[in-house]
Amino acid sequence: MALLSQEYVLGVIMEQASLVKDTTLAPVRQPSVNKNLRALGRWAFVIPVLVVNSIVVIIPSIIGIAYAFTDWNGVGAANWIGLENFTKLFQDAIFFKAFTNNVIYTALFLTIPIAVGLLGAYLLAGIKRGQVIYRLIYFIPYIFLSVINTQIWRYLLHPRYGIGATLADYGITFLDFPVFGRSETALIGIVFVDGWHWWGFLVVIYLAAMAAVDIELYEVARLDGATRFQQFRFVTLPSIRSTLIFTILIIFIGTTLVFDHVFILTGGGPAHASEVMATYLYTQAFQNFDVGYAASIGVILALWVSVPIMMFYILRRRGWEI
Amino acid sequence: MKSVNQRSQSTIPNHVVLMILLFVALLPVLSLLMNSFKSTAELGSNPLGIPQTWRIENYTEAWAGGRYATIIPNSVIITAMTIVGTLALAGPAAYGLARLKLRGSDWITFYFLVGTSVPAQLFIVPLFIMWRDLHLLNTRLGLIIIYCGLSAPFATYLLRSYFISLPEEFIEAARIDGASNLQIFLRIIMPLSYPGFLTAGLVVGLGAWNEFLFAVTFLSDPDLKPISTGLYAFQTRFARDWGLTNAGAVIMVLPIIILFLFLQRRFVEGLTQGGLKA
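Residues numbered from 1 in each chain as written. Chains lettered and ligands numbered in written order. Predicted model: local features only at pLDDT ≥ 70, side-chain atom pairs only at ≥ 80, totals over all residues.

Colleague: Sorry, what's going on with the overall build of chain B here?
Modeller: A tally of regular secondary structure across chain B gives 13 helices and zero strands. Reading the helices (α) and strands (β) of chain B from amino to carboxyl end gives α-α-α-α-α-α-α-α-α-α-α-α-α. Split into buried and exposed, the 278 residues of chain B put 50% on the buried side. (Helix = DSSP H or I, 4+ residues; strand = E, 2+ residues; numbered from the N terminus. Buried ≥ 20, exposed ≤ 12 C-beta atoms within 10 Å, placed from the backbone.)

Rendered as structure tokens:
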């Protein structure tokens with residue numbers, strides 16, 4: 001789900017939950033009511049959500065993890081084969097390629113979109129008029145479905161209709177090739193499209209965080225002779241640190257679980273050049289019907305994703321101001 | 001919005017860069033719009049410019065070819081029911097977590113956290129089997145239940161933060177008058193927090209409207225397809241006819257943009273909640 005992407009939901013839950021841990025009211029003592037019944041009544045508020053979420057997510061996930069240790073192929077019996085899927089996985093060159101691609105994806109995403117997002121937000125914070133309009137327009141790509149994004153950019157980066165071809169007519173040929181058809185550039189092309197999609201979101205979040213920074217600090221810095229860049233580095237950045245970390249977290253998770261854009265733009269091709277773990281899992285599950293193997297990929301994926309999440313959660317719970 | 005730099009620093013360099021970024025953000029969208037009016041022939045000769053003839057037929061053909069008369073109502077039904085279902089689940093839960101002392105609320109958080117960090121592909125196959133056995137495959141209801149389960153945790157925490165910020169006096173007064181938790185929730189909390197419900201509803205609704213993976217897996221009947229998968233099928237079938245597919249894309253995107261322009265404050269609020277300190 002594009003907007004309710006998992007990484008985002010995760011981030012929200014953690015932020016909200018860890019920030020306001022103990023602000024529940026003690027119920028006013030109501031005499032002559034059975035204490036347990038009252039507790040049940042309170043739990044009744046929460047149980048429906050737990051039930052539906054369990055049925056849809058948790059229980060199938062547990063079943064899915066169990067499949068990772070079998071050789072199930074969707075029909076027939078599932079035989080326990082222990083860690084065989086995992087050993088096969090660690091020797092699988094395609095999986096290794098997919099994993100590397102995810103790491104590249106994450107690395108690229110953690111640098112360029114964040115940098116441009118910070119730039120945009122900082123510049124926006126510095127102007128007085130037109131903020132709302134800029135913000136609005138920057139945000140629009142973010143509300144587009146991946147199918148739409150891919151439609152737009154497949155055309156713009158098309159070898160015949162796209163920007164590259166048009167520029168070539170004027171003699172500028174460096175973009176004149178099928179971006180998604182070449183192994184070296186396929187993944188980068190996808191990252192670019194995804195980055196274009198996400199960038200507005202980052203700008204808006206950073207902008208809101210920057211707006212909360214105390215103006216006094218900037219005054220002091222300026223009186224001390226700081227340039228705009230120095231102000232950015234020594235006043236803005238430290239002040240929005242927790243928001244920055246939040247976005248780093250959800251980018252990490254999102255780029256690890258990325259699926260839609262890769263699937264629609266290249267399907268993992270050409271020849272697995274842009275394969276990522278999520279698309280590889282999909283292929284194994286729904287095209288090769290090797291459900292057990294696919295589930296083992298899922299387990300690895302879940303483990304890899306949980307590393308920064310756990311770190312973040314534990315540090316937060318300990319009260320670290322990150 | 002506060003201005004961070006004071007008057008003495010020029011804002012022109014800001015605007016220059018911001019304008020450039022604006023074009024990067026906007027021009028692709030405009031190109032989609034413009035190209036949706038071109039015929040295939042014109043696309044070949046004039047791929048990036050303003051259309052010379054405005055071919056509205058693209059839209060009527062896209063409407064028919066993409067079966068928009070079927071897929072739009074599908075999307076509307078699915079999205080609307082998802083919003084209702086999710087809010088019905090999340091509202092009480094958020095209230096419970098915010099105001100009713102529940103031992104183990106941290107465990108609930110952890111539970112949701114785990115559930116959300118699992119990649120969809122891990123549980124989509126077992127879920128598929130479960131749904132098959134429950135005869136919920138290929139039904140809109142089945143997909144709606146899934147969406148509710150997926151978006152309920154998010155809505156719960158969004159609403160929770162709203163409830164926490166509500167003044168406690170009303171609740172205290174009602175409790176002293178002997179009102180039950182349920183009555184307090186229905187009569188007092190809900191009316192007071194309709195902005196929170198609205199925001200949550202918008203974000204959940206948008207997510208459901210745009211959702212692709214589960215829709216493509218659980219709804220194969222062409223009469224039941226929502227817009228997201230309908231558009232994908234349409235794009236695949238008519239891959240060569242860019243004018244047509246662009247028009248199809250615009251039809252899907254236009255309601256979202258219009259809705260967004262009207263409710264942008266709420267949207268942005270709802271979507272950026274998580275990144276800011278309360």
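Colleague: Looking at this structure, I do not really get the overall build of chain A. What am I missing?
Modeller: Counting secondary structure elements, chain A contains 14 helices and zero strands. Written out in order from the N terminus, the α and β elements of chain A read α-α-α-α-α-α-α-α-α-α-α-α-α-α. In chain A, buried positions account for 48% of the 322 residues. Residue pairs at least 24 apart in sequence account for 70% of intrachain contacts in chain A once pairs closer than 6 positions are excluded. (Contact = placed C-beta atoms within 7 Å.)

Colleague: Just to check I follow, could you spell out the packing of helix α4 (residues 68-99) of chain B against helix α7 (residues 140-164) of chain B for this structure?
Modeller: Two quantities define a packed helix pair, namely the angle between the axes and the distance from one axis to the other. Residue and element names in this part refer to chain B. Remark: α4 packs on α7, axes separated minimally by 6 Å, with the N-to-C direction vectors making an angle of 40°. Here α4 lies oblique to α7, going by the angle between them. The way α4 lies across α7 gives a crossing that is right-handed. Here the residues of the contact of α4 with α7 sort into 20 nonpolar, seven polar and three charged. (Axes fitted to C-alpha atoms, helices over the stretch in contact; angles between N-to-C directions. Parallel < 35°, antiparallel > 145°, perpendicular 65-115°, else oblique. Left-handed = near helix turned anticlockwise from the far one by under 90°. Nonpolar A, V, L, I, M, F, W, Y, C, P; charged D, E, K, R; others polar.)

Colleague: Which parts of the structure should I look at to understand the packing of helix α4 (residues 93-125) of chain A against helix α1 (residues 12-35) of chain B?
Modeller: Across the interface, α4 of chain A lies against α1 of chain B with an axial gap of 9 Å and an inter-helix angle of 135°. When the axes of α4 of chain A and α1 of chain B are compared, the pair comes out oblique. α1 of chain B is crossed by α4 of chain A, and the crossing has left-handed handedness. For the pair formed by α4 of chain A and α1 of chain B, the contact residues are Gly120, Leu123 and Leu124 of chain A on the first element and Asn14, Val17, Leu18 and Leu21 of chain B on the second. Of the residues in the contact of α4 of chain A with α1 of chain B, the class split is five nonpolar, two polar and no charged.

Colleague: Please explain the environment of Trp198 of chain A as it appears in this structure.
Modeller: Residues and elements named next belong to chain A. Secondary-structure assignment places Trp198 in helix α8 (residues 183-211). Judged by local crowding, Trp198 falls into the buried class, with 22 C-beta atoms found within 10 Å. Sequence spacing of Trp198 and Ile114 is 84 residues, and the spatial spacing of their C-alpha atoms is 9.7 Å.

Colleague: Would you explain unusual backbone geometry in this entry?
Modeller: With glycine set apart, most residues show a phi of negative sign, and most peptide bonds adopt trans. All names here are of chain B. You will see that His135, though not glycine, has its phi angle at about 60°, which is positive. The residue His135 is located in the loop between α6 (120-133) and α7 in this model. On the neighbour-count criterion, His135 (9 C-beta atoms within 10 Å) is exposed. Here Asn138, not a glycine, exhibits a phi torsion of approximately 60°, which is positive. Note that Asn138 resides in the loop between α6 and α7. Asn138 gets classed as partly exposed once you count the C-beta atoms within 10 Å, which come to 14.

Colleague: When you look at the confidence of the model for chain A in this model, what are you seeing that I'm missing?
Modeller: For residues with low pLDDT, the predicted coordinates do not support detailed interpretation. Residue and element names in this part refer to chain A. Averaged over all residues, the pLDDT of chain A equals 77, while 81% of them reach at least 70. For chain A, helix α1 (residues 6-19) is the element with the lowest average pLDDT, namely 61, and α4 is the one with the highest, namely 87. Long-range and interchain partners of residues 20-28, a stretch whose pLDDT sits below 50, account for 14 contacts in this model, where long-range means more than four residues apart. (pLDDT = per-residue confidence, 0-100.)

Colleague: Looking at this structure, I do not really get the nonpolar core. What am I missing?
Modeller: Here is a general trend for soluble globular proteins: nonpolar side chains tend to be buried in one another's company. The biggest cluster of nonpolar side chains holds 163 residues, and the ones touching the most others in it are Tyr206 of chain A together with Ala90 of chain B. Top element by residues in this core is α8 of chain A. It accounts for 17 residues. Among the domains, domain 1 (12-57) and domain 2 (66-237) of chain B are the pair contributing at least three residues each to this core. Not counting residues up to four positions away in its chain, the partners in contact with Tyr206 of chain A are Gly117, Leu118, Ala121, Ile240 and Thr243 of chain A. (Core = buried A, V, L, I, M, F, W, Y, C linked by C-beta atoms within 7 Å. Domains from an automatic or database assignment.)

Colleague: Before we go on, may I ask you to explain the domain arrangement of chain B in this structure?
Modeller: Much of the literature gives interface size as the accessible area that the parts lose upon coming together. Each domain of chain B was delimited in the assignment, giving domain 1 (12-57) and domain 2 (66-237). Put simply, the middle of domain 1 of chain B and the middle of domain 2 of chain B, counted by C-alpha atoms, are 36 Å apart.

Colleague: I tried to follow helix α10 (residues 194-210) of chain B on my own but got confused; where do I start?
Modeller: Every α-helix winds through 3.6 residues per turn, so residues three or four apart in the chain are directed the same way. A rise of 1.5 Å per residue sets the reference length of α10 of chain B, with its 17 residues, at 24 Å; its end C-alpha atoms lie 24 Å apart and thus fit the reference within 8%. Among the 17 residues of α10 of chain B, 14 are classified as buried, and the element is accordingly described as predominantly covered. (Expected span 1.5 Å × (residues − 1).)

Colleague: Honestly, the environment of Ile77 of chain B in this entry has me stumped. Any pointers?
Modeller: Residue and element names in this part refer to chain B. Tracing the backbone through its elements, the reader meets Ile77 in helix α4. With 15 C-beta atoms counted inside 10 Å, the residue Ile77 sits in the partly exposed group. Separated by 167 residues in sequence, Ile77 and Leu244 have C-alpha atoms that sit 26 Å apart.

Colleague: Would you mind showing me how to read helix α13 (residues 277-287) of chain A here?
Modeller: Most of α13 of chain A sits out of view: nine of its 11 residues are buried. Two residues or fewer past α13 of chain A, Phe289 of chain A is found with a positive phi of approximately 55°.

Colleague: I tried to follow the confidence of the model for chain B on my own but got confused; where do I start?
Modeller: The share of residues in chain B with pLDDT of 70 or more is 88%, and the mean pLDDT across the chain is 77. Every residue in residues 1-8 of chain B scores below 50 in pLDDT, and together they form 12 contacts with partners more than four places removed in sequence or on other chains.

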